[in-house]
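# Chain and residue survey
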Amino acid sequence: MSIKDRGKLKWQPALMLPEYVKLLNHVNKDYYRQVKPILDEYQLEEFENKIHSAMEFASPVKFTVWEDGFDWEYTGMIHRLDQFKKLIHLELENENGHIIRVKFEDLVAVEVRE
């Protein structure tokens, strides 16, 4: 390799088209997607029991939520339940009172913290 070749090799990655970079990121994201796990009635009932006991004793809860092929974990206090829309309003632990809404159907795991 000569000195002249080094310049071509050095700048070659910078010449990638933005569309190509976007396509590579999209393909990479699709590669790591997961299928939503199928939960049986026993697991759903167990989630409900854990949620109700966490509300009764004001315990923090860690939810694992499936969103668009990925699992996300949220920890906080249950603010309230919406039984008609099947939503859980969760006040996040480190977000100074920020409340998110979690659909019950998207829950993958529930853990009550003491």
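Presented here is a report on the structure given in the accompanying data block. Everything numeric here is computed off the predicted structure, so don't read it as measured data.

## Focus on unusual backbone geometry
It is generally the case that most residues other than glycine have a negative phi and that most peptide bonds are trans. Positive phi, close to 50 degrees, is recorded for A58, a residue that is not glycine. For A58, the location among the structural elements is in the loop between helix 3 (41-57) and strand 1 (61-67). Even without glycine at this site, K86 takes up a positive phi of about 55 degrees. Along the polypeptide, K86 turns up in the loop between strand 2 (70-82) and strand 3 (87-92). Residue K86 is classed as exposed on the basis of its relative accessible area of 56%.

## Concerning the sheet that holds strand 4 (residues 99-103)
Pairing is antiparallel in the open sheet, where five strands are placed in the order 4-3-2-1-5. Every interior strand has two partners, whereas the edge strands, strand 4 and strand 5 (107-112), have only one. Across the sheet, the mean angle from the axis of one strand to that of its neighbour is 45 degrees, orientation sign disregarded. As paired elements, strand 2 and strand 3 share six bridges and run antiparallel to each other. Note on strand 3: the bridge partner recorded for M77 is E91. Lying over the sheet, helix 3 contacts strand 1, strand 2, strand 3 and strand 5, oriented at roughly 40 degrees with respect to strand 5.

The rules we used
Residues numbered from 1 in each chain as written. Predicted model: local features only at pLDDT ≥ 70, side-chain atom pairs only at ≥ 80, totals over all residues. Heavy atoms only, no water. Helix = DSSP H or I, 4+ residues; strand = E, 2+ residues; numbered from the N terminus. Buried < 20%, exposed > 50% of the residue type's maximum accessible area, 1.4 Å probe, protein only. Pairing = 2+ DSSP bridges. Axes fitted to C-alpha atoms, helices over the stretch in contact; angles between N-to-C directions. Contact = heavy atoms within 4.5 Å.

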